[in-house]
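Here is what each chain is made of, one letter per residue.
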There are 2 protein chains.
Amino acid sequence: MQDSNRKRFSRRSFLQTTAMAGGGLAASSLLAAGQASGAEKGELASGAVILFQGDSITDAGRDKKGGAPNNTQGLGRGYPNLIGGALLADYPDKKLTVYNRGISGNKVPDLAARWQPDAIDLKPNILSILIGVNDIWHKLSGRYDGTVADYETGYRQLLQQTLEKLPGVRLVICEPFVLRCGAVNDDWFPEFDQRRAAANKLAEEFKLDRVPFQTVFDEAVKLAPPEYWAGDGVHPTLAGHSLMAKTWREVVGI
Amino acid sequence: MQDSNRKRFSRRSFLQTTAMAGGGLAASSLLAAGQASGAEKGELASGAVILFQGDSITDAGRDKKGGAPNNTQGLGRGYPNLIGGALLADYPDKKLTVYNRGISGNKVPDLAARWQPDAIDLKPNILSILIGVNDIWHKLSGRYDGTVADYETGYRQLLQQTLEKLPGVRLVICEPFVLRCGAVNDDWFPEFDQRRAAANKLAEEFKLDRVPFQTVFDEAVKLAPPEYWAGDGVHPTLAGHSLMAKTWREVVGI
């Protein structure tokens, strides 16, 4: 078993190595951000509510009519379901409630418009946010005209509002990511990286845990082509969602 | 992180403890069976094919029209999808193919009738089988009259045939299990335990890996009620499927 473990592609050891080697903002700030909230790492209160918020990557085909927590219909087929299932199996005595409230196509202003009922009112102990890809994608397709500054400002307001209304919440900022295939071409850059940097900056500013998805996928494409992880460059495959789930758990420490 | 890990409900440590304490056939034969095929543990050949076979627990709502491997539509929302996703993320350079061919309502004779196209022809390197609950459930509801001996004989023939046609295959016998809730009442016993013992006996007879699901769920219900793991006593919840996936990976060692 240990031999087998060593052979596996390990995000943990990769993240640690990269952070120790000072491998750029993305990785080196990861563990620093984690350390800032170190006291909370691995703690999961009885009755804890865990909420995943975001766009289609988070939504992942969930049933929005029922929206029941703790099951695959309500959690979709993506990383929230994989993380939620693993937590429910690992902490059966904690009486956890795991929600997914991601909605396909959402940008920061869409989250803001539904934040009270879809985030604050659910009183999450842990609130994980992955947002940003549509903020640029819809702009590239002429359906939106928000700037990088708009993204950062809107996202900051969302975080401020959340911390004011839910002072005890543990916020987890998921780094927006793309893979270089499918719908993702050179037109996305450098603006996508600027938006990604804005999300990372906010995590540092508020001393929040940050899940460095782009860093992890950049490493992952050395082992399998981009399409293996996300066919269109944006929406992860099962392999991609599973890699996200594993990374998220390693960073959040539960 | 280590503190957190210690707090988790760990099947591994439970299994080891139980086996060392000689906790009955179910647990004590687990590690013995694993040791018998020890040389194969943790090995995953490049291009390996992993196949999950069984009934509705394995099927778990998979899309049978396409039946594409390596994605959630084809793998369903159960333990094959969770295991498959984790393997695809952990071994991205292995070019794995993960199939689910479970079909709701299947009993041993149903597997036998479709074994050539749905198992042998897929040339699996690892073939995981979970079968038995309908063999008794359909009998209790008057739709089938197979005995425990029929189950054992039919299952043995299936294993013999598989090992003859696929001499290099690694067979994994998943122990049939039920939880004491929903549709599962006293009428199921002692016959269910006899069928479970027959599956375990075959794993020993052929020196195959055996995943002791009943043992694990018997332990799990000490931490959360049976309905938490399987609402009707037969079909696992997301928590139940996640526990199965974790147990399977621990036993199989990949």
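The structure presented is a predicted model; accordingly, all values stated were derived computationally and were not measured.

1. Some remarks on the overall build of chain A
The helix and strand inventory of chain A stands at 14 helices and 5 strands. The buried share among the 254 residues of chain A stands at 59%. Pairs at least 24 apart in sequence give 77% of the contacts found in chain A among residues at least 6 apart.

2. Remarks on helix 10 (residues 148-165) of chain A
Residues and elements named next belong to chain A. Taking 1.5 Å per residue, 18 residues should reach 26 Å; helix 10 reaches 26 Å between its end C-alpha atoms and fits that length. Val148, Tyr151, Glu152, Gly154, Tyr155, Arg156, Leu158, Leu159 and Thr162 are the residues of helix 10 that are buried. Against helix 7 (108-113), helix 8 (115-118), strand 3 (126-130), helix 9 (133-140), strand 4 (170-174) and helix 11 (191-205) lie the buried residues of helix 10. Between a side-chain oxygen at the N-terminus of helix 10 and the backbone nitrogen of Ala149 the separation is 3.3 Å; the capping residue is Thr147.

3. What about the packing of helix 12 (residues 213-220) of chain A against helix 14 (residues 238-252) of chain A?
Residue and element names in this part refer to chain A. For the pair helix 12 and helix 14, the least separation of the axes is 11 Å and the interaxial angle reads 130°. In terms of orientation, helix 12 and helix 14 fall into the oblique class. Along this stretch, helix 12 crosses helix 14, giving a crossing that reads as right-handed. Of helix 14, the residues touching helix 12 (which contributes Phe213, Val216, Phe217 and Ala220) are Gly240, Leu243, Met244 and Thr247.

4. A short note on the pattern of salt bridges
Within this structure, the stated rule accounts for 32 salt bridges over all chains. Here Arg210 of chain A makes a salt bridge to Glu175 of chain A, at a shortest N to O gap of 4.0 Å. Here Glu175 of chain A lies in the loop between strand 4 and helix 11 and Arg210 of chain A lies in strand 5 (residues 209-211), a separation of 35 residues in the sequence. Assessed through its relative accessible area of 1%, Arg210 of chain A is described here as buried. Salt-bridge contacts for Arg114 of chain B lead to Asp118 of chain B; the nearest nitrogen and oxygen are separated by 2.7 Å. Here the two residues Arg114 of chain B and Asp118 of chain B agree in accessibility, since each one is buried.

5. Some thoughts on the side chain of Asp135 of chain B
All names here are of chain B. One can find Asp135 in helix 9 (residues 133-140). For the buried Asp135, which has no salt bridge, the nearest side chain bearing the opposite charge is Arg195, at an N-O separation of 4.6 Å. Excluding residues that lie within four positions of it along the chain, Asp135 makes contacts with Lys107, Val108, Pro109, Tyr144, Tyr151 and Arg195.

6. Some details on the packing of aromatic side chains
Ring pairs (aromatic) are described by centroid distance and by the angle formed between their planes. In the structure shown here, the tally under the stated rule is 22 aromatic pairs over all chains. Here the aromatic cluster, defined as three or more aromatic residues joined through ring pairs, consists of Phe52, Tyr79, Phe177, Phe213, Phe217, Tyr228, Trp229 and Trp248 of chain A. Stacked on the ring of Phe189 of chain B, the Lys or Arg Arg180 of chain B has its end atom at 3.6 Å from the ring centre.

7. Things to note about the nonpolar core
Counting 95 residues, the largest nonpolar core has Trp188, Phe217, Trp229 and Trp248 of chain A together with Phe217, Trp229 and Trp248 of chain B as the members making the most contacts within it. Setting aside its immediate chain neighbours within four residues, Phe217 of chain B contacts Phe177, Leu179, Trp229, Gly240, Leu243 and Met244 of chain B.

8. A closer look at the sheet that holds strand 5 of chain A
Residues and elements named next belong to chain A. If you trace the 5 strands from one edge of the open sheet to the other, you get 2-1-3-4-5, paired in parallel fashion. Here the strands that pair on one side only, and so sit at the sheet edges, are strand 2 (97-100) and strand 5. Along the sheet, successive strands turn relative to each other by an average axial angle of 20°, direction set aside. Pairing analysis gives 5 bridges linking strand 3 to strand 4, with the strands arranged parallel. Paired with Ile126 across the strands is Arg170, a residue of strand 4. Its contacts with the sheet place helix 6 (residues 79-90) against strand 1 (49-54), strand 2 and strand 3, and it is angled at close to 170° to strand 1.

9. Looking at the sheet that holds strand 1 (residues 49-54) of chain B
Residue and element names in this part refer to chain B. Pairing within the open sheet is parallel, and its 5 strands lie in the order 2-1-3-4-5. If you trace the sheet from one side to the other, it starts and ends with strand 2 (97-100) and strand 5 (209-211), each paired once. Sheet twist, expressed as the mean angle between neighbouring strand axes with direction ignored, is 20°. Looking at chain direction, strand 1 and strand 3 (residues 126-130) are connected through 5 bridges and run parallel. Following the sheet pairing, Phe52 is matched in strand 3 by Ser128. Its contacts with the sheet place helix 6 (residues 79-90) against strand 1, strand 2 and strand 3, and it is angled at close to 170° to strand 1.

10. Some points on the confidence of the model for chain A
Across chain A, pLDDT averages 88, with 83% of residues at or above 70. Of the regions scoring below 50 in pLDDT, residues 1-7 of chain A engages in 11 contacts with residues more than four places distant in sequence or in other chains.

11. What to know about the environment of Thr58 of chain A
Residue and element names in this part refer to chain A. You can see Thr58 is positioned in helix 4 (residues 56-59). A C-alpha to C-alpha distance of 12 Å links Thr58 and Asn134, two positions 76 residues apart in sequence. Other than its neighbours up to four places away in sequence, Thr58 contacts Phe52, Gln53, Leu75, Tyr79, Pro80, Asn100, Gly102 and Leu130.

12. Some remarks on the pairing of strand 1 of chain B
Most of strand 1 of chain B is tucked away, with 6 of its 6 residues classed as buried. Residues Val49, Leu51 and Gln53 of chain B point to one face of strand 1 of chain B and Ile50, Phe52 and Gly54 of chain B to the other, with burial holding for every one of them.

13. Quick notes on the packing of helix 10 (residues 148-165) of chain B against helix 11 (residues 191-205) of chain B
Residues and elements named next belong to chain B. Two elements in contact, helix 10 and helix 11, have axes separated by 10 Å at closest approach and are oriented at 25°. Classified by the angle their axes make, helix 10 and helix 11 are roughly parallel. Seen along the crossing, helix 10 lies across helix 11 with a hand that is right-handed. Contacts between helix 10 and helix 11 involve Val148, Tyr151, Glu152, Tyr155, Arg156 and Leu159 from the former and Glu191, Gln194, Arg195, Ala198, Ala199, Lys201, Leu202 and Glu205 from the latter. The class makeup of the residues in the contact of helix 10 with helix 11 is 7 nonpolar, 1 polar and 6 charged.

14. Concerning the environment of Ile57 of chain B
Residue and element names in this part refer to chain B. Along the polypeptide, Ile57 turns up in helix 4 (residues 56-59). A sequence separation of 47 residues divides Ile57 from Ser104, and the C-alpha atoms of the two residues are 7.4 Å apart. In this structure Ile57 touches Tyr79, Leu130, Val133, Phe177, Val234, His235, Pro236, His241 and Met244, once residues within four positions along its chain are discounted.

Rules used in this analysis
Residues numbered from 1 in each chain as written. Chains lettered and ligands numbered in written order. Predicted model: local features only at pLDDT ≥ 70, side-chain atom pairs only at ≥ 80, totals over all residues. Heavy atoms only, no water. Helix = DSSP H or I, 4+ residues; strand = E, 2+ residues; numbered from the N terminus. Buried < 20%, exposed > 50% of the residue type's maximum accessible area, 1.4 Å probe, protein only. Contact = heavy atoms within 4.5 Å. Expected span 1.5 Å × (residues − 1). Polar contact = N/O pair within 3.5 Å; in protein donor to acceptor, adjacent residues only side chain to side chain. Axes fitted to C-alpha atoms, helices over the stretch in contact; angles between N-to-C directions. Parallel < 35°, antiparallel > 145°, perpendicular 65-115°, else oblique. Left-handed = near helix turned anticlockwise from the far one by under 90°. Salt bridge = Lys/Arg side-chain N within 4 Å of Asp/Glu carboxyl O. Lys, Arg positive; Asp, Glu negative; His and termini not counted. Phe/Tyr/Trp six-rings, centres within 6.5 Å; stacked < 30°, edge-to-face > 60°. Lys NZ or Arg CZ within 6 Å of the ring centre and 35° of its normal. Core = buried A, V, L, I, M, F, W, Y, C linked by side-chain atoms within 4.5 Å. Pairing = 2+ DSSP bridges. pLDDT = per-residue confidence, 0-100. Nonpolar A, V, L, I, M, F, W, Y, C, P; charged D, E, K, R; others polar.

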